[in-house]
Amino acid sequence: MVECGKGRLETGGGGNGAITGNAEAGAEVFASSSCSNCHTLEAAGATGTVGPSLDVKKPSEALVIDRVTNGLNGMPAYPQLDEQQIADVAAYIAASTQK
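Residues numbered from 1 in each chain as written. Predicted model: local features only at pLDDT ≥ 70, side-chain atom pairs only at ≥ 80, totals over all residues. Heavy atoms only, no water.

Visitor: Explanation requested: the overall build of the chain in the structure shown.
Guide: Scanning the chain for helices and strands turns up four helices and four strands. From first element to last, N terminus to C terminus, the chain shows the α and β order β-β-α-β-β-α-α-α. In the chain, 54% of the contacts between residues at least 6 apart in sequence involve partners at least 24 apart. A total accessible area of about 5600 Å² is found for the chain, and carbon and sulfur atoms account for 52% of it. (Helix = DSSP H or I, 4+ residues; strand = E, 2+ residues; numbered from the N terminus. Contact = heavy atoms within 4.5 Å. Areas by Shrake-Rupley, 256 points an atom, 1.4 Å probe, with all protein chains shown as cover.)

Now the structure itself:
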């Protein structure tokens, strides 16, 4: 789970209309978007092996935002997610893996 004080991560630059990701909401996005079908993430109880283990790769929040938005190689983009949901799942993954 997300540690105290690590529940909200700001994406973008310093409060100039930047979206702030909420890691708790991101846990729900991770689950509802079937991220666990492909990725391993201990915090989510996810054991997928198609994509990289997020626990091993420890992607930055910015990288998660880029991959979910644009996709790359076998990772599809998720246009059904809005910017807030993408920021939330990025905050969740970053908070869960960069301890």
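Visitor: Could you clarify how one ought to interpret helix α4 (residues 83–97) in this entry?
Guide: It helps to recall that an α-helix has 3.6 residues per turn; residues three or four apart then point in one direction. In this model α4 runs 21 Å from its N-terminal to its C-terminal C-alpha over 15 residues, within 8% of the 21 Å that 1.5 Å per residue would give. Across the 15 residues that make up α4, a large majority, twelve, are buried. Here α4 has its buried residues at Ile86, Ala87, Asp88, Val89, Ala90, Ala91, Tyr92, Ile93, Ala94, Ala95, Ser96 and Thr97. A distance of 3.1 Å separates the backbone nitrogen of Gln84 from a side-chain oxygen at the start of α4, and that oxygen is part of Asp82. (Expected span 1.5 Å × (residues − 1). Buried < 20%, exposed > 50% of the residue type's maximum accessible area, 1.4 Å probe, protein only. Polar contact = N/O pair within 3.5 Å; in protein donor to acceptor, adjacent residues only side chain to side chain.)

Visitor: Quick question: what am I supposed to make of unusual backbone geometry here?
Guide: Negative phi characterises most residues that are not glycine, and trans characterises most peptide bonds. Its identity is not glycine, yet Lys58 carries a phi of approximately 45°, on the positive side. Here Lys58 is to be found in the loop between α2 (54–57) and α3 (61–70). Judged by relative accessible area, which is 45%, Lys58 ranks as partly exposed. The residue Asn73 is not glycine, and still its phi comes out positive at about 50°. Structurally, Asn73 is set in the loop between α3 and α4. Under the relative-accessibility criterion, Asn73 is labelled exposed at 77%.

Visitor: Got a minute to help me understand the side chain of Ser33 in this structure?
Guide: Mapped onto the secondary structure, Ser33 falls in the loop between α1 (23–32) and β3 (40–41). By relative accessible area, Ser33 is classed as buried at 13%. Ignoring sequence-local partners within four residues, the contact set of Ser33 consists of Tyr78 and Leu81.

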